[in-house]
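What the coordinates show
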Amino acid sequence: MRTAFALLLLFVHPCYADPYIAETRIIGRGDYIAPNEAEYWRYSVALKNQTGVLISVGTFRTWTDAAYGNFSDVIMLDIDPTTTKFNELSLRWLHDAKDRVGYLEALLSTSVPSEERALWRGNPDRELAYWQTRIKQLSQHASPSPWMQQLGKAHSFEIRDFFSGLLKTYFRDSHGFQSSPFGSDHLFFKVKTLAENGK
């Protein structure tokens, strides 16, 4: 375990820079802000009842994994500074949101009408369909939201990649949606509690 931990720190150490990566300008673009684990929920079995400190890379993957376990602390590491900046924004939204819908409103720069939210009670498929439609619309228009502009992600292909990643993972189907903090109140508040406690 100590060996794996040391290798992880070596990989994400800010002083590390492969010349090829630096020359091709991969570091810093935020290419991996969008999720790419299509069946992330399969990790839940391995993470269930795990305790201690969770150390992870990436964005949504980290706090989804945190929700599956019972971790006292979560450390988010990434070699990409744009991804790190996104995580800082994401944690702020997580801390400030009253519920998971509030988080999604911040992430997607949108506002859900109260009448629509009322129709979601006991009907997760309707809620999922709403978010799928909204994300597709954002992908087609490909105009940057304020946080995308802040992170320098204003190119249409980057915006489409982000929304496409959401549709292929957390919003792909009912099972995946309800197995994530995006679609489960229980999982969302587990992660929100960690954020509020500065964990």
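Just above sits the structure.
The text that follows walks through the structure, step by step, so that each part is easy to find.

What counts, and at which threshold
- Residues numbered from 1 in each chain as written.
- Predicted model: local features only at pLDDT ≥ 70, side-chain atom pairs only at ≥ 80, totals over all residues.
- Heavy atoms only, no water.
- Helix = DSSP H or I, 4+ residues; strand = E, 2+ residues; numbered from the N terminus.
- Buried < 20%, exposed > 50% of the residue type's maximum accessible area, 1.4 Å probe, protein only.
- Contact = heavy atoms within 4.5 Å.
- Areas by Shrake-Rupley, 256 points an atom, 1.4 Å probe, with all protein chains shown as cover.
- Core = buried A, V, L, I, M, F, W, Y, C linked by side-chain atoms within 4.5 Å.
- Phe/Tyr/Trp six-rings, centres within 6.5 Å; stacked < 30°, edge-to-face > 60°.
- Pairing = 2+ DSSP bridges.
- Right-handed = clockwise from strand over helix to strand, strands pointing away.
- Axes fitted to C-alpha atoms, helices over the stretch in contact; angles between N-to-C directions.
- Parallel < 35°, antiparallel > 145°, perpendicular 65-115°, else oblique.
- Expected span 1.5 Å × (residues − 1).
- Arc of directions from axis to C-beta.
- Polar contact = N/O pair within 3.5 Å; in protein donor to acceptor, adjacent residues only side chain to side chain.
- Salt bridge = Lys/Arg side-chain N within 4 Å of Asp/Glu carboxyl O.

A separate point is the overall build of the protein. If you tally the helices and strands in the protein, you get twelve helices and two strands. Listing every helix and strand of the protein by position from the N terminus yields α-α-α-β-α-β-α-α-α-α-α-α-α-α. A burial count over the protein gives 41% of its 199 residues as buried. Within the protein, residue pairs in contact and separated by at least 24 positions form 61% of the contacts whose partners lie at least 6 positions apart. Entry remark: accessible area of the protein is about 11,100 Å², with carbon and sulfur atoms responsible for 54%.

Here the focus is the nonpolar core. If you look at soluble globular proteins, the nonpolar side chains tend to sit buried side by side. Of all hydrophobic cores here, the largest spans 44 residues; its most connected members are F60, Y103, L107, F162, F171 and F182. Among the secondary structure elements, those contributing two or more residues to this core are α4 (60-68), α5 (81-96), α6 (100-107), α8 (124-141), α9 (146-151), α10 (156-168) and α12 (185-196). Top element by residues in this core is α4. It accounts for five residues. Excluding residues within four positions of it along the chain, F60 makes contact with I33, P35, F86, Y103, L107, F162, L166, Y170 and F182.

To continue, consider the packing of aromatic side chains. Think of a pair of aromatic rings as described by two things: how far the centres are apart, and how the planes are tilted against each other in angle. Inspection of the entire model under this criterion finds 22 aromatic pairs. Seen in terms of ring centroids, F86 and W93 are 6.0 Å apart; in terms of plane orientation they differ by 80 degrees. Their pairing is edge-to-face. For the pair F86 and W93, one class covers both residues: buried. On the numbers, 5.3 Å between centres and 85 degrees between planes, the contact of F188 with F189 is edge-to-face. Classification of F188 as buried rests on a relative accessible area of 1%.

With that out of the way, let us pick up the pairing of strand β2 (residues 73-76). Here four bridges tie strand β1 (residues 53-56) to β2, and the two strands are oriented parallel to one another. Counterpart to I55 in the pairing with β2 is I75. One crossover worth recording links β1 to the parallel β2 by way of α4, and it is right-handed.

Right, let's get into the packing of α4 against α12. Contact geometry for α4 and α12: axes closest at 8 Å, N-to-C directions at 105 degrees. In this view, α4 runs roughly perpendicular relative to α12, as classed from their interaxial angle. Listed contacts from α12 to W63, A66, A67 and Y68 of α4 are L187, K190, V191 and L194.

The next subject is α5. Taking 1.5 Å of rise per residue, the 16 residues of α5 would be expected to cover 22 Å, and the 23 Å separating its terminal C-alpha atoms lies within 8% of that figure. Of all the positions in α5, only T82, T83, F86, N87, L89, S90, W93 and L94 are classed as buried. All buried residues of α5 fall inside an arc of 165 degrees around its axis, so they share one side. The opening residue of α5 is D80, an N-cap whose side-chain oxygen sits 2.9 Å from the backbone nitrogen of T82.

Looking now at the pattern of salt bridges. In this structure the tally under the stated criterion is seven salt bridges. For R117, the salt bridge identified is with D99, shortest N-O distance 2.6 Å. Of the two residues, R117 is situated in helix α7 (residues 114-119) and D99 in the loop between α5 and α6; the sequence distance between them amounts to 18 residues. Given a relative accessible area of 29%, R117 falls into the partly exposed group. The class for D99 is buried, based on a relative accessible area of 18%. Members of the salt-bridge network, linked through shared partners, are R100, E127 and D185.

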